[in-house]
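# Residue-level structure breakdown
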Amino acid sequence: MTQYTEILLAHRPDNSPIGPHLFDVVRKTIPTAGPGQVLVKQTHMSLDPAMMGWMSPDTNSYIAPVELNTVMRSSGFGEVVESNHPDFVVGDKVMGMTGWTEYFLSNGRGLNKVQAGIDAEMALSVFALPGLTATQGLFNVGKPKAGETLVVTGAAGSVGSIVGQLAKADGLRVIGVVGSDEKADWIVNDLGFDGAINYKSENLDQQLSALTPNGIDVFFENTGGPIQQLIFNRMNTFGRIVVCGMIADYTSEVPAPGPNWIPLIKKRITVQGFAMPDHLGDAPALLGKLTPYVMQGKINYRTHLLNGLESAMTGLNLFFTGANKGKLIVKL
C-alpha cells in the first residue's frame with residue numbers, strides 16, 4: 001500500500017448531528033521520515049467530548065480551534081514504522097496528539113513511548129487524556145479527603161469512571177450520575193461506586209438526598225443538565241466544585257442558567273474550571289500519581305470500539321445520545 005487516508009475538518013458544526021458533511025476524506029501518498037523524524041502508523045484513535053469545542057470557531061477557548069481544511073485533532077496510539085530520530089526505533093509503541101489519519105510524521109515532540117505490557121485500549125482509556133484529566137481534576141482541584149462525599153456526573157464515561165474509582169480508593173463515598181440503568185449497574189457493581197442515579201429517571205431530588213445523607217463535599221462536573229442545580233443545592237460548607245465538561249450545553253444555542261451565587265458566599269464553596277492543555281507539562285507527575293492505583297488493580301475500564309477511520313465522523317454523536325459504553329476508540 002502506497003497511500004493512506006486522512007480526514008480534514010471542512011466546515012464548522014451546524015445544528016444537525018456531526019457527520020460526513022463537515023469533513024473531507026482525502027487520500028495521500030505515505031510519506032517517508034526526514035532527518036530527525038519518525039513515521040507512525042496509527043492503530044487506535046481516541047474520540048473525546050472536547051472535540052466538539054475544538055471544531056467550533058470559538059477563539060476565546062482554552063485551545064485554538066482546529067483550522068478548516070486541516071486534519072481533525074485527536075489523540076491516538078500507533079507504532080513507529082520508520083525512524084530517523086535517536087529516541088525512537090522501529091517497533092516502538094507511542095501515543096500523543098495524532099489526528100484523524102492513518103499515518104503521520106513527527107519530530108518526536110509530544111510523542112510518548114508506551115511501556116511494554118500496556119496495550120492500545122488501556123493506554124487510551126487510562127494513561128492518555130482520561131486518566132490525566134481525572135487525576136488533575138480530582139486531586140489538584142477537588143482536593144478530596146477520606147470520609148467525604150463526592151458526586152461525579154458522566155460517571156460511566158472515560159473521565160468520570162476514573163474519578164469515581166480514585167475517590168473510592170481514597171476512602172470517599174462516591175455517587176455517580178449516568179444516563180441509563182445499565183451504566184448505573186456497571187459503576188456500582190463493577191467499579192464499586194456507593195450509588196448511582198440515572199438522570200433520565202424521576203424523583204432526582206429524592207434519589208440524590210437519599211444517596212448523600214451527609215451532603216456533598218466534592219462535585220466533579222462533566223455534563224451539566226438539570227441535575228446540576230440539585231447537586232449544587234446539596235453542597236456542604238467549604239465544598240469544591242470541579243468543572244471539567246458541560247456536554248449538555250455544547251450544542252445548545254442558549255446555555256443553561258447557572259446557580260444562584262448566594263450559597264457560594266454562605267457556604268464558602270470553591271468553583272474551579274480546568275482544561276488539560278494547561279497541565280500537560282505536569283503529565284509525568286500526574287502519571288506518577290495515577291499509576292500505583294492502576295498497578296494495584298483499583299482502576300477498571302471498558303472500551304467502545306468503532307471500526308475504521310471514517311467511523312469517527314458519526315461516532316462523536318454517541319456522546320450526545322449516551323449510547324457509548326466505555327471509552328470511545330476508533331480502531332484503524
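Coordinates for the structure precede this section.
Structural notes, computed from the coordinates.

Quick notes on the rules
- Here, residues in each chain are numbered from 1, in the same order as that chain's written sequence.
- For this predicted model, a pLDDT threshold of at least 70 governs which residues receive local features, and a threshold of 80 or more governs which side-chain atom pairs are given and counted, while totals over whole chains, interfaces and linings are taken from all residues.
- The side-chain values count all of the structure's non-hydrogen atoms but skip hydrogen atoms and water molecules.
- Think of it in three bands: residues with accessible area under 20% of the maximum for their type are buried, residues over 50% are exposed, and the middle band is partly exposed, with areas taken using a 1.4 Å probe on protein chains only.
- Strands are runs of DSSP state E lasting at least 2 residues, helices are runs of H or I lasting at least 4, and numbering of each runs from the N terminus.
- In what follows, a contact means two residues having at least one pair of non-hydrogen atoms within 4.5 Å.
- Pairs of N or O atoms within 3.5 Å make up the polar contacts considered here, provided that, within protein, one atom can donate a hydrogen while the other can accept it, and that residues adjacent in sequence are counted only when both atoms are side-chain atoms.
- Here, nonpolar core refers to any group of buried Ala, Val, Leu, Ile, Met, Phe, Trp, Tyr and Cys residues whose side-chain atoms link them within 4.5 Å.
- Pairing of aromatic rings covers Phe, Tyr and the six-membered ring of Trp, with a centre-to-centre limit of 6.5 Å; geometry is then stacked below 30 degrees between planes, edge-to-face above 60, and tilted otherwise.
- A strand pair is defined by DSSP finding two or more bridges across the two strands.

### Considerations on helix α3 (residues 129-142)
Counting buried positions along α3 yields twelve of 14 residues, so the element is predominantly enclosed. Regarding α3, the residues found buried are P130, G131, L132, T133, A134, T135, Q136, G137, L138, F139, V141 and G142. Trailing α3 by a residue or two, K143 shows a phi angle of about 45 degrees, which is positive.

### A closer look at the environment of D119
Its place among the elements puts D119 in the loop between β8 (112-113) and α2 (120-127). Along the chain, D119 and K93 lie 26 residues apart, while their C-alpha atoms are 8.9 Å from each other. Leave out the neighbours within four places in its chain, and D119 touches F77 and Y301. For D119, the side chain forms a polar contact with the main-chain nitrogen of M122, separated by 2.8 Å.

### Looking at the nonpolar core
By size, the foremost hydrophobic cluster in this structure holds 44 residues, and its most contacted members are L150, V163, L166 and I187. Broken down by secondary-structure element, the contributors of at least two residues to this core are α2, α3, β9 (149-153), α4 (158-169), β10 (173-178), α5 (181-189), β12 (216-221) and α9 (283-295). When sequence neighbours within four positions are dropped, the list of residues in contact with I187 reads A155, A156, G176, V178, G192, F193, G195 and A196. Formed by 24 residues, the second largest nonpolar core is a distinct cluster that contains L22, F23, L47 and M55.

### Let's talk about the packing of aromatic side chains
Within the structure shown, the criterion is met by four aromatic pairs. Consider the rings of Y4 and Y103, whose centres lie 6.0 Å apart with planes at 70 degrees: the pair is edge-to-face. Taken as a pair, Y4 in strand β1 (residues 3-9) and Y103 in strand β7 (residues 103-106) lie far apart in primary sequence, 99 residues in all. You'll find Y4 and Y103 in the same group, each marked buried. Between F23 and W100, the ring centres sit 5.1 Å apart and the planes meet at 35 degrees, which makes this aromatic pair tilted.

### Considering unusual backbone geometry
Among all residues save glycine, negative phi is the norm, and among peptide bonds the norm is trans. Backbone geometry at N69 places phi at a positive 65 degrees, although glycine is not the residue there. Position of N69 relative to the elements: it lies in the loop between α1 (50-55) and β4 (70-71). Within the chain, N203 stands out as a residue other than glycine whose phi angle is a positive 55 degrees. Within the secondary structure layout, N203 lies in the loop between β11 (195-198) and α6 (204-211).

### Concerning the pairing of strand β16 (residues 327-331)
The buried count for β16 comes to four of five residues, which makes it a mostly enclosed element. Looking at chain direction, strand β3 (residues 38-46) and β16 are connected through three bridges and run antiparallel. Following the sheet pairing, H44 is matched in β16 by K331. In the sheet, strand β15 (residues 303-307) pairs with β16 via five bridges, with the strands oriented parallel.

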